[in-house]
Amino acid sequence: MLERESELAVLSRAFDEVVAGYGSIVLINGPRGSGKTALLDELAGMAVASPGTRVLRAAGAESERGFPFGIVRQLFGARLPGRDEDIELGSLLEALDNDHVTLLLIDDLCRSDVESVELLGRLCKRLDGLRVVFAGAVGAHGHNSGQALRRGLTAATHDVRAANLSVAGTALFVTRWLREKCDTEFAAACQQTTDGNPELLTMLMGGLASAGVRPRVANVDRVLPLSGELLLAPRLARLEDAGDAARELAGAMVVLGDQVEPALLGRLTGLDPVEVEETLVTLESLGVVVVGKPPRFVCPRIGKAVESSLSTERHDRLHRAAARALHAAGSSAEVAAEHVRAMAGELDRWEVDVLRQGAAMSLRRGSPTDAVRYLRRALLTVSDNDPERAGLLVGLAVAERGFDSASSVRHLCQAMPLLGTLGERAAAAVLISPATIRASPPVARVVAEVAAELGDPARAGGPTRETAVRLAARLCYARLESPREVSVTTGQLLGHGRDLPLSTGAEREHAVVLLRAGMVTGALPAAEVSWLGHRILEREPASFTHVYTALTWLVPILVATDSTADVAGWLDIALTQAQRQKAVAAESLIHAERALIFLATGQPAQAQASADWAAELADVDWGETSGPSMIAQASVAIATGDTALGERVLAARQYDRTEPCGGAILRMLRGFLATAHGDLEASLDHFAGCGRQLERIGWNNPALYGWRAGAAMTQYRLGRNSEATALAEEHHALAEAWGAPSTVGRALRVWGIVTRGSRSIGLLRESVEVLGRSADRLELAKALVTLGRRLVETGEPDGPKHLWQGQELAKACGATWLIEDVAAPVSGPVSGFATGGRAALTPAENTVAGMALRSLTNSEIAEKLGVSRRAVEKHLTNSYRKLGVDGRAGLVDSLGSAQDGPRSPG
């Protein structure tokens with residue numbers, strides 16, 4: 001009677017009503033073993049406290065349903081006539097003594113004989129004025145036997161639900177059984193295994209007690225194995241003896257799973273509605289199912305056991321019937337396809353077509369993995385020479401390319417020879433990305449053969465021309481590592497000028513390939529490349545599928561031109577689509593593109609987050625995704641000076657070193673790391689190696705990989721000033737020819753660093769001016785800090801102002817490493833506070849405090865630094881708080897006078 005307070009209250013109310021002279025009906029429903037009989041016992045027990053109350057009981061049984069009036073004879077015994085034909089309603093009314101309260105209690109009412117149910121139903125219509133309670137225990141949700149009693153009733157009816165126990169109720173049950181307090185986790189395991197059913201719990205407790213298992217969290221893992229032995233075997237044995245209909249219905253329930261409903265059960269088993277209901281009642285009486293809406297197994301393990309008992313023939317027959325029944329009932333193709341996919345034997349044409357339809361629906365829904373499962377199952381049935389095989393392979397390749405690029409390409413190549421027409425082969429070839437064509441010579445040959453069959457794109461028309469242009473563009477893209485191909489493609493670009501055709505997707509893809517050639521060689525100025533690139537961007541709808549085309553180079557091209565407006569929003573739309581379609585490979589590639597945009601706009605933290613996401617999602621065995629993610633991470637490491645990230649990139653995986661971009665960035669990364677570790681000669685070798693690799697294929701644009709800048713800085717550190725200056729001048733000349741502000745400003749900064757004297761300051765000032773027109777705020781912060789440091793070293797009065805601006809801009813960019821780097825190496829007041837208690841101050845606070853020590857007023861400090869007076873006050877207040885001093889006088893006591901360190905003029 002645990003957790004039965006509400007049920008007992010209903011029974012008590014019904015008993016009080018009958019004592020007061022009002023008859024009533026009580027229907028107790030619940031799964032087998034939930035305590036329905038115990039509730040009848042409780043109702044009978046209430047009669048003990050009421051003298052004169054009669055309790056008449058009966059119990060239905062499957063074996064006795066064929067005996068007419070069996071239940072009423074159990075209730076009334078000798079009070080009824082001897083012959084069945086003489087039993088009628090009047091017989092029952094005569095047998096009832098209205099001077100006393102009578103309880104008619106029937107257990108397992110659902111297994112009563114039809115004659116008794118019909119007669120008792122008529123009695124229930126006459127309960128008004130009779131001091132009778134009719135109480136019957138029925139199935140989980142009531143059955144025909146219970147419903148028959150309801151028809152036309154005028155007496156009050158009470159429904160009692162004998163629910164299974166909750167986790168808390170199970171804990172009390174276990175505690176009382178095992179006489180030891182039960183841990184909540186142990187109770188939860190028992191409740192999950194038995195569904196909280198008291199009968200099953202009783203069986204489980206007996207087994208646990210015999211095995212000496214204490215109700216402790218440490219013993220949770222012992223509950224499931226024991227429950228399998230104790231609970232499953234008896235029920236499965238009963239099911240085996242229950243007959244073909246019961247076993248067939250149980251098998252149909254397994255196959256239908258969440259789609260179980262009586263009508264479908266009938267379609268699968270051939271049983272009519274009445275037979276389905278009766279068989280469900282039988283299964284419930286065996287403790288196998290709970291009859292509800294929908295019917296379900298008492299516990300999942302029973303369903304699994306029934307499933308494992310199905311023969312292959314029966315398993316396939318039921319799934320085949322389920323697929324057809326669900327399809328006919330209007331269920332989605334995916335639902336039917338799931339049943340077809342589960343079949344082990346051969347499939348017919350209709351079933352293969354259902355799998356194809358299900359795959360198409362799964363792709364539209366954004367579940368490519370489901371589509372792949374359906375199509376792979378279809379291919380197991382379709383023979384190698386079947387005309388349908390090629391189409392299935394192409395469909396499979398389309399589904400796979402979002403997360404398994406290698407398999408996608410393999411299946412496209414398998415499909416190509418099987419496709420009957422040139423148009424079909426061309427449509428399949430255009431699904432292969434340019435990166436794959438470049439990386440795989442066999443694949444390139446297949447695509448080249450199809451392109452040759454299509455002929456000259458200029459002479460083709462309609463859809464054929466569109467496909468021919470795309471294939472020609474991708475083959476050209478793949479050959480842009482050849483100096484001759486680079487030269488020819490650049491010539492085509494220069495020949496078109498601003499008149500590049502951009503009307504169709506194929507033309508835009510071809511235009512990107514031409515722009516790529518013009519960009520890597522620097523043959524076309526950045527302004528022209530940017531203008532053409534943005535015309536393409538304006539016309540190209542945002543879609544994640546751009547990563548499978550030559551359009552994937554549009555983002556790096558615009559980054560190189562320092563013209564990234566509108567690109568971030570375009571990529572955001574594409575990323576949302578990729579995530580919705582679960583195209584993991586596309587997600588990785590788009591995150592890599594986003595990292596480049598963030599880096600080009602001075603957002604290093606966001607750049608690293610996107611690069612890390614790209615690497616996380618990349619397929620380590622497929623260079624098409626692992627290469628771009630590596631390039632993004634390496635670019636972030638070099639730009640931010642993050643040696644840990646750089647080492648992680650090198651250690652993470654093997655990359656395709658034959659690919660120019662990947663090979664170049666790896667050499668740049670190794671050069672950067674060698675410098676960080678103090679191996680300057682090795683660093684120089686890496687930068688020079690990068691230069692040789694790029695020059696060999698005609699890639700001269702310094703916006704791509706500034707190897708000359710890296711080599712110049714290394715030569716400068718080695719004390720080879722003339723070599724450093726020569727490299728910096730050459731780097732700057734190429735940057736000026738390209739014309740992108742970020743590239744020119746960076747070149748000027750490097751040249752200014754390796755040059756000394758007034759020429760150095762002039763170059764750095766020019767760098768700051770040029771970078772003021774750039775979107776790269778981080779590069780501007782570096783230039784401002786470098787200029788400020790050089791000005792402080794030479795005693796120029798505006799040095800602190802530039803340092804301040806650089807620090808504030810670095811802070812806005814999230815480049816804390818650049819702020820921390822400012823204080824250490826600079827002589828003068830800014831670095832003079834980097835020891836002792838002064839180390840607690842930020843570089844900006846050190847600068848303001850140093851100027852305050854020279855007796856400058858807040859207004860004078862603000863004017864020199866180019867900031868507001870309020871900002872100066874804020875930094876001084878922070879300094880006072882950190883040093884624990886009161887006002888400017890306290891600064892002198894804590895930090896010393898301005899004469900304690902070098903004095904900055906002005």
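Keep in mind that what you see is a predicted model, and the values were worked out from it rather than measured.

Student: Please clarify how the overall build of the protein chain should be interpreted in this entry.
Tutor: Of regular secondary structure, the protein chain possesses 47 helices and seven strands. Here the protein chain has a C-alpha radius of gyration of 42 Å; the compact-globule value for 906 residues is 29 Å, and the former is much larger. Each principal axis of the C-alpha atoms in the protein chain carries an extent, and together these give about 130 × 85 × 50 Å. Burial analysis of the protein chain (906 residues in total) assigns 55% to the buried set. Partitioning the intrachain contacts of the protein chain with sequence separation of at least 6 by distance along the chain shows that 68% fall at a separation of at least 24. As displayed, the protein chain offers around 37,500 Å² of accessible surface, 52% of which is attributable to carbon and sulfur atoms. The average position of the 96 basic charges and that of the 108 acidic charges among the side chains of the protein chain differ by 4 Å.

Student: Where do I start with the pattern of salt bridges in this structure?
Tutor: A side chain of one charge can pair with a side chain of the opposite charge if their charged atoms are brought near each other. According to the stated counting rule, one finds 48 salt bridges in the structure shown. In this structure, the salt-bridge partner of Glu248 is Arg317, at a minimum N-O distance of 2.6 Å. Separated by 69 residues along the polypeptide, Glu248 in helix α11 (residues 244–256) and Arg317 in helix α15 (residues 312–328) bring together distant segments of the chain. For Glu248, a relative accessible area of 15% puts it in the buried group.

Student: How should I be thinking about the packing of helix α37 (residues 721–738) against helix α38 (residues 741–754) in this particular structure?
Tutor: Two packed helices can be described by the angle between their axes and the distance between those axes. Close contact between α37 and α38 brings their axes to 9 Å; oriented N to C, the two are set at 165°. The angle between α37 and α38 places the two elements in the roughly antiparallel class. Regarding α37 and α38, the two cross each other, and that crossing is left-handed. Contacts between α37 and α38 involve Ala724, Thr725, Ala728, Glu729, His731, His732, Ala735, Glu736 and Trp738 on the former and, on the latter, Thr743, Val744, Ala747, Leu748, Trp751 and Val754. Class assignment for the residues of the contact of α37 with α38 results in nine nonpolar, four polar and two charged.

Student: Honestly, the nonpolar core in this entry has me stumped. Any pointers?
Tutor: Generally speaking, a soluble globular protein has its nonpolar side chains buried in company with each other. Core analysis: the largest hydrophobic core is formed by 100 residues, its most contacted members being Met519, Ile536, Trp553, Ile590, Trp699, Tyr705 and Trp738. Broken down by element, the residue count for this core peaks at nine residues, all from helix α30 (residues 584–600). Sequence-distant contacts of Trp553, defined by excluding residues within four places in its chain, comprise Tyr477, Val512, Arg516, Met519, Cys661 and Leu704.

Student: How should the packing of α38 against helix α40 (residues 777–793) be read in this particular structure?
Tutor: Close contact between α38 and α40 brings their axes to 10 Å; oriented N to C, the two are set at 25°. Taken together, α38 and α40 sit at an angle that is classed as roughly parallel. Our pair here, α38 against α40, has a crossing hand that is left-handed. Along its contact with α38, which presents Arg746, Arg749, Gly752 and Ile753, the element α40 presents Glu779, Lys782, Ala783, Thr786 and Arg790. Broken down by class, the residue content of the contact of α38 with α40 amounts to two nonpolar, two polar and five charged.

Student: What is the right way to look at the packing of aromatic side chains in this model?
Tutor: Two numbers describe a pair of aromatic rings. These are the distance of the centres and the angle of the planes. For the coordinates displayed, the defined rule picks out one aromatic pair. Arranged with centres 6.5 Å apart and planes meeting at 80°, the rings of Phe544 and Tyr548 form a pair that is edge-to-face. Summarising the burial analysis for this pair, Phe544 and Tyr548 share the class buried.

Student: Please clarify how α30 should be interpreted in this entry.
Tutor: Given 3.6 residues per helical turn, the α-helix brings residues three or four places apart onto the same face. Along its 17 residues, α30 runs 25 Å from first to last C-alpha, staying within 8% of the 24 Å computed at 1.5 Å per residue. For α30, the buried fraction is high: 15 of the 17 residues fall into the buried class. One or two steps after α30, the chain reaches Gly602, where phi turns positive at roughly 75°.

Student: Got a minute to help me understand unusual backbone geometry in this structure?
Tutor: Most peptide bonds take the trans form, and the phi angle of most residues other than glycine is negative. Of note, Asp562 is a non-glycine position whose phi angle comes to about 60°, a positive value. In this fold, Asp562 is placed in the loop between α28 (554–560) and α29 (567–580). Phi is positive for Lys582, which is not a glycine, with a value near 55°. Following the sequence through the fold, Lys582 ends up in the loop between α29 and α30. Since its relative accessible area comes to 46%, Lys582 is described here as partly exposed.

Student: Can you walk me through the environment of Asp572 in this structure?
Tutor: Its place among the elements puts Asp572 in helix α29. Each C-alpha atom, one on Asp572 and one on His591, is 9.5 Å from the other, the two residues being 19 residues apart in sequence.

Student: Which parts of the structure should I look at to understand α29?
Tutor: Helix length check: α29, at 14 residues, gives a terminal C-alpha distance of 20 Å against a target of 20 Å (1.5 Å per residue), a fit within 8%. Looking one or two residues beyond α29, the residue adopting positive phi is Lys582, at roughly 55°.

Student: What's the story with the environment of Val306 in this structure? I'm lost.
Tutor: Within the secondary structure layout, Val306 lies in helix α14 (residues 300–309). Residue classification places Val306 among the buried positions, given a relative accessible area of 2%. Along the backbone, Val306 and Ala585 are 279 residues apart, and their C-alpha atoms lie at a distance of 40 Å. In this structure, Val306 is in contact with Leu236, Leu239, Ala250, Gly251, Val254 and Phe297, ignoring residues within four places of it in sequence.

Student: For this particular structure, what's the right way to read the side chain of His731?
Tutor: Looking at the secondary structure, you find His731 in helix α37. For His731, the contacting residues outside a window of four places in its chain are Pro702, Gly706, Arg708, Ala709 and Ala747.

Student: How should I be thinking about a negative patch on the surface in this particular structure?
Tutor: Together, Asp272, Glu275, Glu277 and Glu278 make up a negatively charged patch on the protein surface. Structurally, Asp272 is set in the loop between α12 (262–269) and α13 (273–285). On the basis of relative accessibility, which here comes to 36%, the residue Asp272 falls in the partly exposed class.

Conventions adopted
- All residue numbers refer to position in the chain's written sequence, counted from 1.
- Restriction of local features to residues with pLDDT of at least 70 applies here, the model being predicted, together with a cutoff of 80 or more for giving and counting side-chain atom pairs; totals for whole chains, interfaces and linings are based on all residues.
- Water and hydrogen atoms were dropped before computing side-chain values, which therefore reflect all heavy atoms in the structure.
- Where helices and strands are cited, they refer to DSSP runs of H or I of at least four residues and of E of at least two residues respectively, numbered from the N terminus.
- Using C-alpha atoms as the atom set, the radius of gyration is obtained and then compared with a globule rule of 2.2 Å times the number of residues to the power 0.38.
- Only protein chains enter the area calculation, which uses a 1.4 Å probe; residues under 20% of their type maximum are buried, those over 50% are exposed, and those in between are partly exposed.
- Contact between two residues is taken to exist if any of their heavy atoms lie within 4.5 Å; hydrogens are not considered.
- In these tables, accessible area is a Shrake-Rupley quantity obtained with a 1.4 Å probe, and a residue counts as shielded only by the protein chains included in the view.
- When charges are counted, neither His nor the chain ends are considered; positive counts come from Lys and Arg and negative counts from Asp and Glu.
- Where a charge lies is defined by one atom per residue type: Lys uses NZ, Arg uses CZ, Asp uses CG and Glu uses CD.
- Every case where a carboxyl oxygen of Asp or Glu lies within 4 Å of a side-chain nitrogen of Lys or Arg is listed as a salt bridge.
- Every axis corresponds to a line fitted to the C-alpha atoms, with the helix fit spanning only the stretch in contact, and the corresponding angles, defined between N-to-C directions, vary from 0 to 180 degrees.
- Here is the rule for angles: anything less than 35 degrees is roughly parallel, anything more than 145 is roughly antiparallel, 65 through 115 is roughly perpendicular, and the remaining ranges are oblique.
- For any helix crossing, the convention is left-handed if the near helix is rotated counterclockwise from the far helix by under a right angle, and right-handed if that rotation is clockwise.
- Put simply, Ala, Val, Leu, Ile, Met, Phe, Trp, Tyr, Cys and Pro go in the nonpolar bin, Asp, Glu, Lys and Arg in the charged bin, and everything else, Gly too, in the polar bin.
- Here the nonpolar core consists of buried residues drawn from Ala, Val, Leu, Ile, Met, Phe, Trp, Tyr and Cys, with membership extended through side-chain atoms lying within 4.5 Å.
- Planes of paired rings set the category: under 30 degrees apart is stacked, over 60 is edge-to-face and the rest tilted, where pairs are Phe, Tyr or Trp rings (Trp by its six-membered ring) whose centres lie within 6.5 Å.
- Expected span of a helix, by definition, is 1.5 Å for each gap between consecutive residues, and there is one gap fewer than residues.
- For patches, a residue must show more than 30% relative accessible area and have no salt bridge; joins then use 9 Å for like charges and 5 Å for nonpolar side chains, namely Val, Leu, Ile, Met, Phe, Trp and Tyr.

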